[in-house]
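Spelled out, the chains give:
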Amino acid sequence: TVEGEVILSGGTVNIYADDYGLSAGETCRIEAGSLMVDSTYTGLQCTEYIQQGGTVRMHTNNNAVWSESLVMNAGELYIEATVEGIYTDQFEMNGGLVDLAAAREGLAVREGNCIINDGTLQIKGYKSYKPLRGIYFYDKGQLIMHGGQLDITTCQCDNDDLLMNYAIGGVLDPAAND
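Predicted, not measured: the structure shown is a model, and the values here were computed from it. (Residues numbered from 1 in each chain as written. Predicted model: local features only at pLDDT ≥ 70, side-chain atom pairs only at ≥ 80, totals over all residues. Heavy atoms only, no water.)

**A few points about the packing of aromatic side chains**
The geometry of an aromatic ring pair comes down to the distance between the two centres and the angle between the two planes.
Argument step 1. Applying the stated rule across the entire model yields four aromatic pairs.
Argument step 2. Judged by centre distance (5.2 Å) and plane angle (75°), the ring pair of Tyr20 and Tyr41 falls under edge-to-face. Residue Tyr20 is found in the loop between β1 (6-17) and β2 (22-23), and its partner Tyr41 is found in the loop between β3 (27-39) and β4 (44-51); the two are separated by 21 residues along the sequence.
Argument step 3. Residues Tyr136 and Tyr138 carry aromatic rings whose centres are separated by 4.7 Å and whose planes lie at 85° to one another, so their mutual orientation is edge-to-face.
Argument step 4. Ring-pair connections join several aromatic residues into one group, and the members of that group are Trp66, Tyr87, Tyr136 and Tyr138.
Argument step 5. Over the face of the ring belonging to Tyr78 we find Arg57, whose NZ or CZ atom lies 4.3 Å from the ring centre. (Phe/Tyr/Trp six-rings, centres within 6.5 Å; stacked < 30°, edge-to-face > 60°. Helix = DSSP H or I, 4+ residues; strand = E, 2+ residues; numbered from the N terminus. Lys NZ or Arg CZ within 6 Å of the ring centre and 35° of its normal.)

Printed below as a string of structure tokens:
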């Protein structure tokens, strides 16, 4: 656990953890280099995640990234999570690649919006699972796309207990349809 900021501007960091992989009290900024996190719980927890470049790979047995805001400007973020890939209040993508493999929700947005201006966001199943929800909004949020590419593969189950399977859903802002 780091009380302040974590900044990776080059080099290679590999983290193997039995609990949280990396926990920062403030911002986690990836500018360049390589970060790999393999943890049994949450891969990375911070107030703000900003990726300007580099390559980040996460493998977790829970949530991969837990952050109040996540801004992807460039670089590559690869996630394998048994629960949620990204759990955040606000997601903004301006470039780069985010490749999520999750068993429950690829991208969970708690309070804000999912904004895609450029880049590629891919959400698919983890191993033999397919996510029940590609993008899920816990509160009135909007999916706003100005550009880029969004690819979602969700569960194609016939089980009546799994009626909540969808690519995009949750509590959406009705003003988005005005």
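Let us keep going from here.
**Observations regarding the confidence of the model for the chain**
Any residue range with low pLDDT should be treated as having predicted coordinates unsuitable for detailed reading.
Argument step 1. This prediction gives the chain a mean pLDDT of 85; 83% of its residues lie at or above 70.
Argument step 2. Confidence drops under a pLDDT of 50 for residues 158-165, and excluding neighbours within four residues, the segment shows seven contacts in the predicted structure. (pLDDT = per-residue confidence, 0-100. Contact = heavy atoms within 4.5 Å.)

**Focus on the pattern of salt bridges**
Two side chains that carry opposite charge are able to pair once their charged atoms sit near each other.
Argument step 1. Tallying each qualifying case throughout the model produces three salt bridges.
Argument step 2. Ionic pairing is found between Glu84 and Arg104, a salt bridge with its closest N-O pair at 3.0 Å. Of the two residues, Glu84 is situated in strand β8 (residues 84-102) and Arg104 in the loop between β8 and β9 (105-109); the sequence distance between them amounts to 20 residues.
Argument step 3. Linking Asp99 and Lys124 is a salt bridge whose minimum nitrogen-to-oxygen distance equals 2.1 Å. Placement of Asp99 in strand β8 and of Lys124 in strand β10 (residues 114-125) is noted, with a sequence separation of 25 residues between them.
Argument step 4. Under the relative-accessibility criterion, Lys124 is labelled partly exposed at 33%. (Salt bridge = Lys/Arg side-chain N within 4 Å of Asp/Glu carboxyl O. Buried < 20%, exposed > 50% of the residue type's maximum accessible area, 1.4 Å probe, protein only.)

**Remarks on the pairing of β9**
Argument step 1. Burial runs high along β9: five of the five residues are buried.
Argument step 2. Across four bridges, β9 lies against strand β11 (residues 133-141) in parallel orientation. Within β11, the residue paired with Glu105 across the bridge is Arg133. (Pairing = 2+ DSSP bridges.)

**Concerning the environment of Ala81**
Argument step 1. With respect to the element layout, Ala81 can be found in strand β7 (residues 76-81).
Argument step 2. Sequence-wise, Ala81 and Gly43 are 38 residues apart; in three dimensions their C-alpha atoms are separated by 8.9 Å.
Argument step 3. Among all residues touching Ala81, those that are not within four sequence positions of it are Thr60, Asn62, Ala64, Ala101, Ala102, Ala103 and Tyr126.

**Considerations on the side chain of Gln51**
Argument step 1. In this structure, Gln51 sits in strand β4.
Argument step 2. Excluding residues that lie within four positions of it along the chain, Gln51 makes contacts with Ile30, Val56, Val71, Met72, Asn73, Ala74, Gly75, Glu76 and Leu77.

**A short note on the nonpolar core**
Argument step 1. Core analysis: the largest hydrophobic core is formed by 35 residues, its most contacted members being Leu44, Tyr49, Ile79, Ile86, Leu107 and Leu121.
Argument step 2. Of all the elements, β8 adds the most residues to this core, at five residues.
Argument step 3. When neighbours within four sequence positions are excluded, Leu44 is seen to be in contact with Leu22, Cys28, Leu35, Tyr49, Met58, Ala64, Val65 and Trp66. (Core = buried A, V, L, I, M, F, W, Y, C linked by side-chain atoms within 4.5 Å.)

**Some details on the environment of Leu44**
Argument step 1. With respect to the helices and strands, the residue Leu44 is situated in strand β4.
Argument step 2. A C-alpha to C-alpha distance of 8.1 Å links Leu44 and Ser67, two positions 23 residues apart in sequence.

**Observations concerning the state of the cysteines**
Where two cysteines share a covalent bond between their sulfur atoms, that bond is called a disulfide.
Argument step 1. Inspection of every chain in the model, using the stated rule, returns zero disulfides.
Argument step 2. As a non-bridged cysteine, Cys28 has Cys46 as the owner of its nearest cysteine sulfur, 5.1 Å distant.
Argument step 3. Exposure remark for Cys28: the relative accessible area of 0% places this residue in the buried category.
Argument step 4. Of the residues examined, Cys46 reaches a relative accessible area of 6% and is grouped as buried. (Disulfide = S-S within 2.5 Å.)

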